[in-house]
Amino acid sequence: QVQLVESGGGLVQAGESLRLSCAASGRTFSSYGMGWFRQAPGKEREFVAAISWSGGTTYYADSVKGRFTISRDNAKNTVSLQMNSLKPEDTAVYYCAACMSLVPGPRTEYHYWGQGTQVTVSS
């Protein structure tokens, strides 16, 4: 089992940047594919980005492609989401998740979830 704790959320203006981090503890971090999801008020949770166990393969939702970058550091048991050119529509609670697939994609089943961190982008 793995425990996930997100950090780095906050309030920013449109066009600014934020970097989210997710610290993992428990079993070997590199055994998991990792992803970021988000849920805006009144909306369903949606996929944002995913990264393979080695960091060599990444996937992004079309809505964030070119603006967000997912990365991981297996030595530090962390996965990050660099968010640039933020838009008001990026406002949501962002969740870090881990899955048993070494190369996860948008529809992979994720087994472990963090508690979420709020990102608010003002216009």
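In case you missed it, the structure is sitting above this.
What you see is a predicted model, and the numbers here were worked out from it, not measured in a lab.

1. Concerning the pattern of salt bridges
Move 1: Tallied over the entire structure, the rule returns four salt bridges.
Move 2: Close ionic contact of Arg 38 with Glu 46 constitutes a salt bridge, the shortest N to O distance being 2.6 Å.
Move 3: Of the residues examined, Arg 38 reaches a relative accessible area of 5% and is grouped as buried.
Move 4: For the salt bridge of Asp 62 with Lys 65, the shortest nitrogen-to-oxygen distance reads 3.1 Å. For the pair Asp 62 and Lys 65, one class covers both residues: exposed.
Move 5: A single network of salt bridges, built from pairs that share partners, joins Arg 38, Glu 46, Arg 67 and Asp 90.

2. So, the pairing of strand S7 (residues 68-73)
Move 1: Burial along S7 is one-sided: Phe 68, Ile 70 and Arg 72 are buried, while Thr 69, Ser 71 and Asp 73, pointing the other way, are not.
Move 2: Counting the residues in the hairpin turn of S7 and strand S8 (residues 78-83) gives four residues, including Asn 77, whose phi is positive at 55°.

3. Quick look at the sheet that holds S7
Move 1: A sheet is described by the order of its strands in space; here four strands give the open sequence S1-S3-S8-S7, paired in antiparallel fashion. Lying at the two open borders of the sheet, with one neighbouring strand each, are strand S1 (2-7) and S7. Here the strands of the sheet are splayed against their neighbours by 15° on average, with no regard to which way each runs.
Move 2: Taken together, the six bridges between S1 and strand S3 (residues 18-26) define a ladder with antiparallel strand orientation. Residue pairing in the sheet places Leu 4 in a bridge with Ala 24 of S3.

4. Points about unusual backbone geometry
Move 1: One non-glycine residue, Asn 77, adopts positive backbone phi at about 55°.
Move 2: Its place among the elements puts Asn 77 in the loop between S7 and S8.

5. Remarks on the environment of Val 103
Move 1: Take Val 103: it is sitting in the loop between strand S9 (92-99) and strand S10 (112-113).
Move 2: With relative accessibility at 44%, the residue Val 103 sits in the partly exposed group.
Move 3: Considered as a pair, Val 103 and Thr 57 are 46 residues apart in the sequence and their alpha carbons are 7.0 Å apart.
Move 4: Setting aside chain neighbours within four positions, we find Val 103 in contact with Ser 52 and Thr 57.

6. What to know about the state of the cysteines
Move 1: Applying the stated criterion across every chain, the model contains one disulfide.
Move 2: The partner cysteine of Cys 22 in its disulfide is Cys 96, sulfur to sulfur 2.1 Å. Between Cys 22 and Cys 96, the S-S torsion sits near -80°, and that sign places the bridge as left-handed. Of this pair, Cys 22 sits in strand S3 while Cys 96 sits in strand S9; the two residues are 74 residues apart in sequence, bridging distant segments of the chain.
Move 3: Cys 99 forms no disulfide, and the closest cysteine sulfur to it belongs to Cys 96, at a distance of 11 Å.

Cut-offs and rules
- Residues numbered from 1 in each chain as written.
- Predicted model: local features only at pLDDT ≥ 70, side-chain atom pairs only at ≥ 80, totals over all residues.
- Heavy atoms only, no water.
- Salt bridge = Lys/Arg side-chain N within 4 Å of Asp/Glu carboxyl O.
- Buried < 20%, exposed > 50% of the residue type's maximum accessible area, 1.4 Å probe, protein only.
- Helix = DSSP H or I, 4+ residues; strand = E, 2+ residues; numbered from the N terminus.
- Pairing = 2+ DSSP bridges.
- Axes fitted to C-alpha atoms, helices over the stretch in contact; angles between N-to-C directions.
- Contact = heavy atoms within 4.5 Å.
- Disulfide = S-S within 2.5 Å.

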